[in-house]
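Chain and residue survey
Each chain, written out:
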Amino acid sequence: MVASDTKQKKNVLDLFIEGARRGFTIGTTSLLPNVIMAFVIIRVLDVTGLLHLIGVVCAPVMALWGLPGEAATVLVTALLSMGGSIGVAMSLFTAGILDPAQLTALVPAIYLMGNPVQNVGRCLGISGVNTKHYGVLIGICVVNSLLSIWAMRLIMMFL
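Every chain's residues receive numbers from 1 upward, in the order its sequence appears when written. It should be noted that, the model being predicted, local features are given only for residues of pLDDT at least 70 and side-chain atom pairs only at 80 or more, the latter also being counted only at that level, while totals for whole chains, interfaces and linings use all residues. Side-chain figures throughout are based on the complete set of non-hydrogen atoms in the structure, without hydrogens or water.

Regarding the environment of Pro 108
This is how it is decided: A helix here means a DSSP run of H or I that spans at least four residues, while a strand means a run of E at least two residues long, and both kinds are numbered starting from the N terminus. The criterion used for residue contact is that any of the two residues' heavy atoms lie within 4.5 Å.
As for its position among the elements, Pro 108 is in helix H6 (residues 100–113). Distance from Pro 108 to Ser 145, taken between C-alpha atoms, is 7.1 Å for residues 37 residues apart in sequence. Once residues within four sequence positions are removed from consideration, Pro 108 is found in contact with Ser 148 and Met 152.

Observations concerning the packing of helix H4 (residues 72–80) against H6
Think of two packed helices as two axes; the pair is described by the angle between the axes and how far apart they sit. Note the cut-off: Helix axes use the C-alpha atoms of the stretch in contact, all axes being lines fitted to C-alpha atoms, and the angles between their N-to-C directions lie in the range 0 to 180 degrees. Angles below 35 degrees are treated as roughly parallel, those above 145 as roughly antiparallel, those between 65 and 115 as roughly perpendicular, and all remaining angles as oblique. Crossings are sorted by hand: turned counterclockwise from the far helix by less than a right angle, the near helix makes the crossing left-handed, and turned clockwise it makes it right-handed. In this count, Pro and Cys sit with the nonpolar residues alongside Ala, Val, Leu, Ile, Met, Phe, Trp and Tyr, while Asp, Glu, Lys and Arg are called charged and the others, Gly among them, polar.
Axis separation between H4 and H6 bottoms out at 8 Å; the angle between their running directions is 25°. If you check the angle between H4 and H6, you find them roughly parallel. Crossing of H4 over H6 shows right-handed handedness. Contacts from Val 74, Leu 75, Ala 78 and Leu 79 in H4 reach Leu 106, Ala 109, Ile 110 and Met 113 in H6. A breakdown of the residues in the contact of H4 with H6 according to their chemical character gives eight nonpolar, no polar and no charged.

Let's talk about the nonpolar core
Note the cut-off: Here, nonpolar core means buried Ala, Val, Leu, Ile, Met, Phe, Trp, Tyr and Cys residues that are tied together by side-chain atoms lying within 4.5 Å of each other. For every residue, the accessible area (1.4 Å probe, protein chains only) is compared with the maximum for its type, and the residue is labelled buried under 20%, exposed over 50%, or partly exposed between those bounds.
Formed by 24 residues in total, the largest nonpolar core has its most connected members in Leu 67, Val 74, Leu 75, Leu 92, Leu 106 and Ile 149. Of all the secondary structure elements, the ones that give two or more residues to this core are helix H2 (12–48), helix H3 (50–62), H4, helix H5 (82–94), H6 and helix H8 (134–158). It is H6 that provides the largest number of residues to this core, a total of six residues. Those residues in contact with Leu 75, other than ones at most four positions away along the chain, are Met 62, Leu 106, Ala 109, Met 113, Leu 146 and Ile 149.

Digging into the state of the cysteines
Which entries qualify depends on this criterion: In this description, the term disulfide denotes a pair of cysteine sulfurs within 2.5 Å.
Scanning the model with the defined rule gives zero disulfides in all. Cys 58 forms no disulfide, and the closest cysteine sulfur to it belongs to Cys 141, at a distance of 20 Å. The class of Cys 58 is partly exposed, set by a relative accessible area of 22%.

Some details on the packing of H5 against H6
The interhelical angle for the contact between H5 and H6, taken along N-to-C directions, is 170°, at an axis separation of 11 Å. Taken together, the axes of H5 and H6 are roughly antiparallel relative to one another. In this structure, H5 contributes Met 82, Ser 85, Ile 86, Ala 89, Met 90 and Phe 93 to the contact, and H6 contributes Pro 100, Leu 103, Ile 110 and Tyr 111. Here the contact of H5 with H6 is composed, by residue class, of nine nonpolar, one polar and no charged.

Topic: the pattern of salt bridges
To keep things clear, this is the line we draw: The term salt bridge refers to a pairing of a side-chain nitrogen on Lys or Arg with a carboxyl oxygen on Asp or Glu at a separation within 4 Å.
Evaluation of the coordinates by the stated rule reveals three salt bridges. One salt bridge connects Lys 10 with Glu 18, and the closest N-O pair in it is separated by 2.4 Å. Its relative accessible area of 25% is what places Glu 18 among the partly exposed residues. Each of Lys 10, Glu 18 and Arg 22 takes part in salt bridges that share partners, so that together they form one network.

Points about a nonpolar patch on the surface
Short version of the rule: Here a patch means residues that are over 30% exposed by relative accessible area and free of salt bridges, tied together within 9 Å if like-charged and within 5 Å if nonpolar (Val, Leu, Ile, Met, Phe, Trp, Tyr). For accessible areas, the Shrake-Rupley method is used with a probe of radius 1.4 Å. Any residue's cover is judged against the shown protein chains and nothing else.
A contiguous nonpolar patch, built from Val 61, Leu 64, Val 143, Leu 147 and Trp 150 and spanning about 480 Å² of accessible area, is present on the exposed surface. A per-element tally of the nonpolar patch places H8 first, with three residues. Assignment of secondary structure puts Trp 150 in helix H8. Given the relative accessible area of 40%, Trp 150 is considered partly exposed.

Describing the confidence of the model for the protein chain
Formally: Per-residue confidence from the predictor is reported as pLDDT, a score between 0 and 100.
Predicted confidence across the protein chain gives a mean pLDDT of 85, with 94% of residues reaching 70 or more. Taken element by element, the protein chain is modelled with least confidence in helix H1 (residues 3–6), mean pLDDT 55, and with most confidence in H6, mean pLDDT 93.

Below is the structure:
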């Protein structure tokens, strides 16, 4: 008798339950802490007045993309954590700093930014890629993200 013959086949419901458990575990151990951390950081920045200062300093640059200066915090956070960046974006939205169109324009940028700092460390650091290329790789993510904001704003104008 082959070992695979003794293995019990799982039905669709068992597979669904197993997948749901894994998804719940990932959500509660990986995504949720990042999002909560982002909400707390934005609240601390707001209470201390640093969020307003960031908005004033970054306003001229972010205006090129039709965004308030505070939106720079979303992009900087995306370098480190997509979940955290989503949390920052939602905090700014609930605070009335970002409107629905601005939030929509930022979503592709968050995903294109794709936490390259973590990915570079995990993938390239382990494989021994020369560190002088890291900045270029992260820069490409940033450029793609900024271009996606313009592209998304154009798409929204015509839809």
